[in-house]
Amino acid sequence: MAFEPLRPGAVIGILGGGQLGRMLALAAPRLGFRCHIYAPPGDNPAFDVSCAHTAAAYEDEAALARFASGVSVVTYEFENVPSATCAALERLVTVAPGREALRVAQDRLEEKTFLSRLGVPVAPFTSVAGVQDIEEAASRIGLPAVLKTRRFGYDGKGQAKIVSRSGCAEAWSAIGKAPAVLEAFVPFDAELSVIAARGRDGSFVPFDIPENWHENHILRQSRVPARVAPETVGWAGDIARGIADGLGYVGVLAVELFLLRRSGREELLVNEIAPRVHNSGHWTLDACHVSQFEQHIRAIAGWPLGDPSRHSDSIMQNLLGLEVDDWERLAKEPQTAVHIYGKAEARPGRKMGHFTRLHPLGAIAGKGK
Ligand SMILES: Nc1ncnc2c1ncn2[C@@H]1O[C@H](COP(=O)(O)OP(=O)(O)OP(=O)(O)O)[C@@H](O)[C@H]1O
Ligand SMILES: [Mg+2]
């Protein structure tokens, strides 16, 4: 069934009330839309900036039905939307990006299998469900390796690095003895990501590629442009397009990549995909004509995708935990955009906000961190 572009005034439903939902809900009204956020009770900063919200469990079918009856399309800010929730909503309303993207992104084994079938390069991996499996897999894949739970990992949670055979049992306990994949440790030179949108008509629009620096498995900084060869940028975009087409995707998609330099040549491996707007795309709010958040809203609303070009170089940095208390100093800095998420409690490592320092185009090329 053809999807008519949503007219200004329509209501967009968003599952999840965190900072990504909040930034989507801030972008949508610029195009004349209103947002209804659905999230379980708790600290939901997206509620503060939307015209309607429902605080209910994802399993509450009656609440889901009421929510669906008042919105024209449903999207989500996180990939762990229960599949039953998605199925219940899909019976009543269009859900984008949709169930296939969730199925693949929710399970690292499904994800890596899907990517391999598409011919996308990934680190060697294998499915494991016990210490003996891990030991066998480690002899095949080699060490060091990383053990990752198949489901529910984020910010490095549910992961353990294994450096020697004797560490297999400890790693298995560390990840809570959950079904997992063992993958080769990648001695990457840099991490990159592609943030791109695919429209309902199959159009594909990538943003420029950021280079990402993680600290304790949590994103610390994204800088654009990345210090990579132009061919690498093209290759990364092709990989993301193949994935988006393969999923019949609608919306903004993130593809996290490892970059390796081998004898002067740049190689890419896909780490994981996120069927949503992404932390490494926050700089688009201030350095681009259209942000990842507006682009996502455009895509799911069936609008033409916007111009992703940059008017500035930029470095985005997360404000984790109590770092958010620095807001006053940052707010005084010229050419710096400060974003505070309005979360109630600044727990250590929690993403409380971010800031983006803007520089003239070409100004940060070749510069270090
Ligand atoms: N195989 C690997 N080799 C080397 N480093 C890795 C590997 N897998 C993960 N890492 C490091 O850990 C970080 C987090 O890993 P990954 O993206 O798989 O986890 P996550 O918990 O899903 O995180 P998030 O959802 O926040 O991106 C990566 O960005 C990278 O820095
Ligand atoms: Mg990741």
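Because the structure is predicted, anything quoted here is derived from the model rather than measured. (Residues numbered from 1 in each chain as written. Chains lettered and ligands numbered in written order. Predicted model: local features only at pLDDT ≥ 70, side-chain atom pairs only at ≥ 80, totals over all residues. Heavy atoms only, no water.)

Peer 1: Sorry, what's going on with the site of ligand 1 here?
Peer 2: Every one of the 20 residues lining ligand 1 counts as a neighbour, but Lys148, Gly156, Glu183, Glu191 and Glu272 are closest to it. At 2.7 Å, a backbone N or O of Gly156 approaches an oxygen atom of ligand 1. Relative to its unbound accessible area of 610 Å², ligand 1 is 93% covered by the protein chains. For the shell around ligand 1, the secondary-structure elements that each account for two or more residues are strand S6 (145-149), strand S8 (180-184), strand S13 (251-262) and strand S14 (265-274). In terms of residue class, the shell around ligand 1 is built from 7 nonpolar, 6 polar and 7 charged. (Near = heavy atom within 4 Å. Polar contact = N/O pair within 3.5 Å; in protein donor to acceptor, adjacent residues only side chain to side chain. Areas by Shrake-Rupley, 256 points an atom, 1.4 Å probe, with all protein chains shown as cover. Helix = DSSP H or I, 4+ residues; strand = E, 2+ residues; numbered from the N terminus. Nonpolar A, V, L, I, M, F, W, Y, C, P; charged D, E, K, R; others polar.)

Peer 1: Would you mind showing me how to read the sheet that holds strand S3 (residues 52-55) here?
Peer 2: Sheets are built from strands paired through backbone hydrogen bonds, the pairs being either parallel or antiparallel. Spatially, the 4 strands line up as an open sheet ordered S3-S2-S1-S4, and their pairing is parallel. Edge positions in the sheet fall to S3 and strand S4 (73-76), since each has one partner strand and no second. Here the average twist between neighbouring strands, direction ignored, is 20°. With respect to the sheet, helix H2 (residues 61-69) is in contact with strand S1 (11-15), strand S2 (34-39), S3 and S4, its orientation differing from that of S2 by roughly 170°. (Pairing = 2+ DSSP bridges. Axes fitted to C-alpha atoms, helices over the stretch in contact; angles between N-to-C directions. Contact = heavy atoms within 4.5 Å.)

Peer 1: Sorry if this is basic, but what is going on with the state of the cysteines here?
Peer 2: A disulfide bridge is the covalent bond that connects two cysteines by way of their sulfur atoms. Summed over the entire model, instances satisfying the criterion amount to 0 disulfides. Free of any disulfide, Cys35 has its nearest neighbouring cysteine sulfur in Cys51, separated by 7.1 Å. Unpaired in terms of disulfides, Cys86 finds its nearest cysteine sulfur in Cys35, a separation of 18 Å. (Disulfide = S-S within 2.5 Å.)

Peer 1: Please explain the pairing of strand S5 (residues 125-128) as it appears in this structure.
Peer 2: Regular strands place side chains that alternate from one sheet face to the opposite one. Here S5 shows a clear split, with Thr126 and Val128 buried on one side and none of Phe125 and Ser127 buried on the other. In terms of strand pairing, S5 meets S8 through 4 bridges, oriented antiparallel. By the bridge assignment for S8, Val128 is matched with Ala180. (Buried < 20%, exposed > 50% of the residue type's maximum accessible area, 1.4 Å probe, protein only.)

Peer 1: Explain the pattern of salt bridges to me, please; I cannot follow it from the model alone.
Peer 2: Close approach of charged atoms allows side chains of opposite charge to pair. Inspection of the entire model under this criterion finds 26 salt bridges. One salt bridge in this structure joins Glu79 and Arg276, with 2.6 Å as the shortest N-O distance. Of this pair, Glu79 sits in the loop between S4 and helix H3 (83-90) while Arg276 sits in the loop between S14 and helix H9 (284-287), and the two are 197 residues apart along the sequence. Both residues of the pair, Glu79 and Arg276, count as buried. Here Arg310 and Asp208 are joined by a salt bridge, their closest N and O atoms 2.7 Å apart. One end of the pair, Arg310, is in the loop between helix H10 (292-300) and strand S15 (313-320); the other, Asp208, is in the loop between strand S10 (204-206) and strand S11 (211-215), with 102 residues separating them in the sequence. For Arg310, a relative accessible area of 16% gives the class buried. (Salt bridge = Lys/Arg side-chain N within 4 Å of Asp/Glu carboxyl O.)

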